[in-house]
Amino acid sequence: MVEIIEVRNLSVAAEGKKILSSISMEFDAGKIYTILGKNGSGKTTFANCMMGIQGYEIENGGIYLDGLEITNMDVHERAKLGITKFWQDPPNYRGITVKEYLTLDGRIKITGEDLKEVFDIVGMEKTVYENRLLDSNLSGGERKRIELASILILSRDYTVMDEPDSGIDLMSLEVVINALKKLKSRGKTTILITHREEIAMEADFSYLVCDGKIIRKGSGDEVISYYKNNCDTCKHPNTPDSEDVFSAGSGVS
Ligand code: ADP
């Protein structure tokens, strides 16, 4: 079981454009973390770098799992070490039922009772959905719930959720919060990108990103309240090339 992920002085660029500037974060086992920031601040880039998605230049720093450097490992290698991503949408598999998808075609052994608990958490009736085909007849909201159910069944040590608001609108906030709490109760960690205050309030710890830099960190409620008071109304364009309005020490706690 992974105890800690450390991001040390990570600077990242894509297509020659600097996106993240020397960010450092720590993620302990069994906690809920949120990453806040306005559009364009670098959150998705961070989530993709955590997952090992290609297309970024790591200019400096690295990511460490219990001291093991994983900065250059790909998605599959990281998955083996216990890091997974909430992909938002399960793929369409012809002829595969929801239950077959969730149990990796029977390779994951799960009792009917435990499967029912997972369906309950994501707000779906097991008897209605387990034998449904995983195809385009499922709505966007149903597909997101199924993907969340899959995260609960996989129950990896670390799950990264890059959650555009549209994704959450299709599921109730309660569903997402209950899933986060379930993972936490099993000692698992979620790193969640969200703008939703209700979810941010649940975080044990939160990081606020602006212009690819961390400008605030602290408890979930403290950082979301700072975000609401300062970022919602901020006219700063939040592009990596824009003038740095946050001089050293300007709110980094
Ligand atoms: P957020 O998720 O906070 O909206 P992103 O990480 O998507 O932010 O993007 C941060 C900045 O980096 C934006 O200005 C975006 O245009 C730029 N960017 C993201 N990905 C790439 C890429 N592959 N190539 C060039 N610029 C990128």
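Everything that follows concerns the structure shown earlier in this document.
No experiment lies behind these values; they were computed from the predicted model shown.

Student: Outline the environment of Tyr 158, listing residues and values.
Tutor: Note that Tyr 158 resides in strand β7 (residues 158–162). When its relative accessible area of 1% is taken as the criterion, Tyr 158 is described as buried. Sequence separation between Tyr 158 and Thr 84 is 74 residues, and the spatial gap between their C-alpha atoms is 6.3 Å. Those residues in contact with Tyr 158, other than ones at most four positions away along the chain, are Val 2, Glu 3, Ile 4, Ile 5, Phe 27, Asp 28, Ala 29, Gly 82, Ile 83, Thr 84, Thr 189 and Ile 191. At 2.7 Å, the side chain of Tyr 158 and the backbone oxygen of Phe 27 are in polar contact.

Student: Now, about the layout of surface pockets: what can you tell me, with residues and values included?
Tutor: As a volume, the largest pocket reaches approximately 490 Å³. Lining the largest pocket are 25 residues; nearest its centre among them are Trp 87, Tyr 101, Leu 104, Ser 150 and Leu 154. If you list the elements that add at least two residues to the lining of the largest pocket, you get α2 (75–81), β6 (83–86), α3 (98–102) and α6 (140–154). Considering every element that reaches the lining of the largest pocket, the biggest residue donor is α6, with four residues. Of the residues assigned to the lining of the largest pocket, the class counts are 15 nonpolar, three polar and seven charged.

Student: A description of the pattern of salt bridges should follow, citing residues and the corresponding values.
Tutor: Tallied over the entire structure, the rule returns eleven salt bridges. Here Glu 59 ties to Lys 18 by a salt bridge, and the two come within 3.2 Å at their closest N and O atoms. With Glu 59 in strand β4 (residues 57–65) and Lys 18 in strand β2 (residues 17–28), the pair connects residues that are 41 residues apart, well separated along the chain. A relative accessible area of 39% means that Lys 18 is categorised as partly exposed. Of the charged contacts in the structure, one is a salt bridge between Lys 228 and Glu 197, with a shortest N-O distance of 3.1 Å. Remark: Glu 197 occurs in helix α9 (residues 197–200) and Lys 228 occurs in helix α10 (residues 220–231); sequence separation between them is 31 residues.

Student: Can you explain the site of the ligand? Please cite residues and give values.
Tutor: Among the 13 residues in the neighbourhood of the ligand, the closest are listed as Gly 40, Gly 42, Lys 43, Thr 44 and Thr 45. The separation between a nitrogen atom of the ligand and a polar side-chain atom of Glu 15 is 3.4 Å. Side-chain polar atom of Thr 45 to an oxygen atom of the ligand: 2.5 Å apart, as the coordinates give it. When the free accessible area of the ligand is taken as 560 Å², the share hidden by the protein chains comes to 71%. Grouping the amino acids of the shell around the ligand by side-chain chemistry returns three nonpolar, six polar and four charged.

The rules behind each value
- Residues numbered from 1 in each chain as written.
- Predicted model: local features only at pLDDT ≥ 70, side-chain atom pairs only at ≥ 80, totals over all residues.
- Heavy atoms only, no water.
- Helix = DSSP H or I, 4+ residues; strand = E, 2+ residues; numbered from the N terminus.
- Buried < 20%, exposed > 50% of the residue type's maximum accessible area, 1.4 Å probe, protein only.
- Contact = heavy atoms within 4.5 Å.
- Polar contact = N/O pair within 3.5 Å; in protein donor to acceptor, adjacent residues only side chain to side chain.
- 1 Å grid on protein atoms, 1.4 Å probe; cavity = no way out; pocket = protein on both sides within 12 Å on 5 of 7 lines; lining within 4 Å.
- Points joined across faces, edges and corners; volume = space filled by probe spheres on them.
- Nonpolar A, V, L, I, M, F, W, Y, C, P; charged D, E, K, R; others polar.
- Salt bridge = Lys/Arg side-chain N within 4 Å of Asp/Glu carboxyl O.
- Near = heavy atom within 4 Å.
- Areas by Shrake-Rupley, 256 points an atom, 1.4 Å probe, with all protein chains shown as cover.

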